[in-house]
Amino acid sequence: MKPAPKVLIWLIGVLLLIMVGISASFWAFRQIEEAAAVRIHTNAALGGGRELLSTLKDAETGQRGYLLTGDEAFLDSYLAVRDHIDGDLQKLRHHTLLVSAQKHLDTLAPLVDAKLAHMAHAIELRRNQDNAAAIANVRGGEGKRLMDAIRSEMSAYIQLEENLLVQREAEFQATMRQLLTLIVLTILIATLFGLAFAYLMYREAQQRIKDLEHRETRNLLELQEALNLNLWQANVKLQVSEENLRVTLNSIGDAVLATDEQGRITRMNPVAERLTGWTQAEAHGRLVDEIFHIINKETRLPATIPVSATLAHGTIHGLANHTVLIARDASESDIADSCAPIVDRDGLVVGAVLVFRDVTGEYETQHLLQTQQAELEMQNEDLRASQEALNTLQARYFDLYDLAPMGYCTLTEQGLIKEANLTTATLLGLARDGLAEKAMYRFICKEDADTYYRLVKQLRNTRQQQTGELRMARADGTPVWVQLSIAAAQEDDAPVTRVVMMDVSERKRTEEALLKAGALQRAIFNSANFSSIATDAKGVIQIFNVGAERMLGYTAAEVMNKITPADISDPQEVIARAEALSVELGTPITPGFEALVFKASRGIEDIYELTYIRKDGSRFPAVVSVTALRDEQDAIIGYLLIGTDNTARKAPGPWRKKPTWRNRIFCPA
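Note that the structure is a prediction, hence the values are computed from the model and not measured. (Residues numbered from 1 in each chain as written. Predicted model: local features only at pLDDT ≥ 70, side-chain atom pairs only at ≥ 80, totals over all residues. Heavy atoms only, no water.)

With 15 residues, helix H19 (residues 571–585) should reach 21 Å at 1.5 Å per residue; the first-to-last C-alpha distance of 21 Å fits that figure. The complete set of buried residues in H19 reads Val-574, Arg-577, Ala-578, Leu-581 and Ser-582. Seen from one end, H19 has its buried residues packed into an arc of 135°, which puts them on one side. Relative to its buried face, H19 has exposed residues pointing more than 90 degrees away, namely Gln-572 and Glu-584. Each element contacted by the buried residues of H19 is listed here: helix H20 (593–601) and strand S15 (606–613). Capping the start of H19 is the job of one residue whose side-chain oxygen sits 2.9 Å from the backbone nitrogen of Gln-572: Asp-570. (Helix = DSSP H or I, 4+ residues; strand = E, 2+ residues; numbered from the N terminus. Expected span 1.5 Å × (residues − 1). Buried < 20%, exposed > 50% of the residue type's maximum accessible area, 1.4 Å probe, protein only. Arc of directions from axis to C-beta. Contact = heavy atoms within 4.5 Å. Polar contact = N/O pair within 3.5 Å; in protein donor to acceptor, adjacent residues only side chain to side chain.)

Quick look at the sheet that holds S15 now. Within a sheet, adjacent strands bond to each other through the backbone by hydrogen bonds, running parallel or antiparallel. Strand order in the open sheet formed by five strands is S14-S13-S17-S16-S15, with antiparallel pairing between adjacent strands. In this open sheet, the two strands that pair with only one neighbour each are strand S14 (541–544) and S15. Taking each pair of neighbouring strands and ignoring which way they run, the sheet shows an average axis angle of 30°. By the bridge criterion, three bridges tie strand S13 (residues 531–536) to S14 in an arrangement that is antiparallel. What sits directly across from Thr-535, in S14, is Ile-541. Packed onto the sheet, H20 meets S13, S15, strand S16 (619–630) and strand S17 (636–645) and runs at close to 50° relative to S16. (Pairing = 2+ DSSP bridges. Axes fitted to C-alpha atoms, helices over the stretch in contact; angles between N-to-C directions.)

With phi around 65°, Gln-129 is a residue other than glycine that occupies positive phi space. For Gln-129, the position within the fold is in the loop between helix H3 (99–127) and helix H4 (131–139).

Axis separation between H3 and H4 bottoms out at 7 Å; the angle between their running directions is 160°. Taken together, H3 and H4 sit at an angle that is classed as roughly antiparallel. H3 and H4 meet at a crossing whose hand is left-handed. Between H3 and H4, the residues in contact are His-118, His-121, Ala-122, Leu-125 and Arg-126 and Asn-131, Ala-133, Ala-134, Asn-137 and Val-138, respectively. Looking at the contact of H3 with H4, its residues break down into five nonpolar, four polar and one charged. (Parallel < 35°, antiparallel > 145°, perpendicular 65-115°, else oblique. Left-handed = near helix turned anticlockwise from the far one by under 90°. Nonpolar A, V, L, I, M, F, W, Y, C, P; charged D, E, K, R; others polar.)

What follows covers helix H5 (residues 142–205). Between its first and last C-alpha, H5 extends 93 Å over 64 residues, near the 94 Å set by a 1.5 Å rise per residue. After H5 finishes, the residue Gln-206 shows a positive phi value of roughly 50°.

With that out of the way, let us pick up the pattern of salt bridges. Pairs can form between side chains of opposite charge once their charged atoms are near each other. Counting across every chain of the model gives 26 salt bridges. Glu-142 serves as the salt-bridge partner of Arg-145, at 2.7 Å between the closest nitrogen and oxygen. In this pair, Arg-145 and Glu-142 are both assigned in helix H5, three residues apart and thus about one turn of the helix distant. Here Arg-145 falls in the partly exposed class, since its relative accessible area comes to 46%. On the accessibility criterion, Glu-142 (34% relative accessible area) is partly exposed. Put simply, Glu-491 and Arg-498 hold a salt bridge, and the shortest N to O gap is 3.0 Å. Residue Glu-491 is classed as buried on the basis of its relative accessible area, which comes to 17%. The class of Arg-498 is partly exposed, set by a relative accessible area of 31%. When salt bridges that share partners are traced, they join Lys-418, Glu-491, Asp-492 and Arg-498 into one network. (Salt bridge = Lys/Arg side-chain N within 4 Å of Asp/Glu carboxyl O.)

Throughout the structure, instances matching the rule amount to four aromatic pairs. Note on Phe-593 and Tyr-639: the rings are 5.7 Å apart at their centroids and 70° apart in plane angle, and the pair reads as edge-to-face. Of the two residues, Phe-593 is situated in helix H20 and Tyr-639 in strand S17; the sequence distance between them amounts to 46 residues. As far as the burial class goes, Phe-593 and Tyr-639 line up, both buried. Directly above the ring of Trp-278 sits Arg-328, whose terminal nitrogen or CZ lies 3.9 Å from the centroid. Lying over the aromatic face of Trp-481, Lys-508 brings its terminal NZ or CZ to 4.3 Å of the ring centre. (Phe/Tyr/Trp six-rings, centres within 6.5 Å; stacked < 30°, edge-to-face > 60°. Lys NZ or Arg CZ within 6 Å of the ring centre and 35° of its normal.)

Here the focus is the nonpolar core. Leu-108, Met-154 and Tyr-157 are the most contacted members of the largest nonpolar core, which totals 32 residues. The set of elements that each furnish at least two residues to this core consists of helix H1 (3–69), helix H2 (76–95), H3 and H5. By residue number, the principal contributor to this core is H3, which donates eleven residues. Apart from the residues within four sequence positions on either side, Tyr-157 is in contact with Ala-45, Gly-49, Leu-92, Thr-96, Ala-101, His-104 and Leu-105. Among the nonpolar cores identified, the runner-up in size contains 30 residues, and Met-551, Phe-593, Leu-596 and Tyr-608 belong to it. (Core = buried A, V, L, I, M, F, W, Y, C linked by side-chain atoms within 4.5 Å.)

This part is about the confidence of the model for the protein. On average, residues of the protein score 82 in pLDDT, and 89% of them reach the 70 mark or higher. In the model of the protein, helix H22 (residues 661–666) stands out as the element of lowest mean pLDDT, 34, in contrast to S14, which has the highest, 93. In this model residues 654–669 is a low-confidence stretch, pLDDT under 50, and it forms 35 contacts with partners more than four residues away in sequence or in other chains. (pLDDT = per-residue confidence, 0-100.)

Further remarks concern the sheet that holds strand S12 (residues 494–503). With respect to topology, five strands assemble into an open sheet ordered S9-S8-S12-S11-S10, the strand pairing being antiparallel. Strands with a single pairing partner mark the edges of an open sheet, and in this sheet they are strand S9 (417–420) and strand S10 (466–473). Looking at each pair of strands side by side, their axes are set apart by 30° on average, direction ignored. On top of the sheet, helix H14 (residues 449–462) reaches strand S8 (407–411), S10, strand S11 (479–491) and S12; it is set at about 150° to S10, its chief contact.

What follows concerns the side chain of Thr-564. Mapped onto the elements of the fold, Thr-564 is located in the loop between helix H18 (556–559) and H19. Excluding residues within four positions of it along the chain, Thr-564 makes contact with Gly-539, Val-540, Ile-541 and Phe-593.

This next bit is on a nonpolar patch on the surface. Taken together, the side chains of Leu-180, Val-184, Leu-185, Leu-188, Ile-189 and Leu-231 define a hydrophobic patch exposed on the protein surface, amounting to about 450 Å² of accessible area. Among the elements that make up the nonpolar patch, the one with the highest residue count is H5 (five residues). Tracing the chain through its elements places Leu-185 in helix H5. (Patch = residues over 30% accessible without salt bridge, like charges linked within 9 Å, V, L, I, M, F, W, Y side chains within 5 Å. Areas by Shrake-Rupley, 256 points an atom, 1.4 Å probe, with all protein chains shown as cover.)

Printed below as a string of structure tokens:
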């Protein structure tokens, strides 16, 4: 064969090799695009599923807030879910590729409709002022059962989508490895062809092209070195991407936003998408300043984004308090965050990860507490103003009945207030006209209702004057200790009851102060009628008084420095309390000792009922009061749990009535 045909054959072979490489590359890139499209659908399905479950939880929380307060503002989240739930489910179906996952959505749709119908029924009852029925509807357990079923179906759905995402990610990685292998093989074969072609030309041209062949060989070697450098750089970038992914996934509980070394967005999780209003696809490659728009809540001036400082110095930075994130749709959320650098194996900063969370609910709670404090101060001012007005009226209406130092009122045979003097109205915090035709028992605190009914019964049986001390509820719900005397009388040929009440709150406060002092305080702590248990900050029992030993059957030596109060409590009730507090306070609470003292650790007064388990395995109901013990720096050093045996109060009695919602609101334990 002549040299010219040989050269032509070599050239044809090289062209064929290049065409094969290009075709294989196009195939591989097509596979990558398809895998990426599936991942986008799967991520959208996961985000939609989690957001749907979250909005249902928000709707349920808003419904409970409305049932407790009657404030229509709490229904915003419920109305939003009710109006958009069908569209959200349709979008979720659109993004779902698995038939098995579609089946879970088919099961989920009627459950969601049933849950919304159950919530709507409770809301309608509350709007009709049937508060007892609304609360009974919530306590019936149907709403919880439906919500548990929704969570179960959504969890199964999310698990299927996550498995699909893992599978597609594995296929994507396999395709990338095939592409890399193909590129390397193509380069090696092309190099071999080039060398062989150069060698053929060398043989044909001999010395005449020797220098040219040398230059070509050197160029090929430089090309090989450049390709090797590109492969090394690609490997480094892959390591950085894997590191970014690891940090992002580990922080998935809050909103997570990752950037490269230039501050451009590389990754966002679903929570970050929801808070910023930007999707991963829309935000990718944009500067963080364009996506993460924050201002100071007080001044409304732009706030400094910590990403720049983190990239510049490689240190962790956080936001100042009262920072507001403005989303793409102009909605606002109070947030708290921290920003940490992403470093490679050489210690160089290659990006930053910004983790932030929505604290709007916490700020709203603080604002509500401040508002309530302001309202209480205004009520105190009103009370002082009322007292001054009363002093002014004393000069005009000097009436022995109205100006008596004690409250006088007359009750009908049915226990309704027929008339009352000004002292009674002042004592109960109402205008005198507001007392007319009101039942007397409505102003008796539920804790002392038995005392009041016992006095009434003794009066009816003996027709003799009866006297006792009990707590009455003012109009603002605060209790006041009074000495109550009742006597039978006749008025207009009808039996009536004369009531004399004297405010003894100051004496009661003095008695309580004395009880808290010195030896008497120690005597109470060691009383056999109360279980007093003190723990360290971790909940391990440090003090176990005589009352606790009597009630629970343990000696102090058997429990001190060994167990926590959760170990002597009904485990199912502890779990139920943890779940209830998690819903009430909007934060996950671990079942165990934390559930028993969580409110007290936040400075919230906490008195609750639960079942104690004695050493011999027997059980009894107890009322427990929890107080956090603090040092001079206000740091918690332990907890004090004071319990009383509630068996007697749990037993049915002739004068015991079930507490109403009004008792719980105006006369808290």
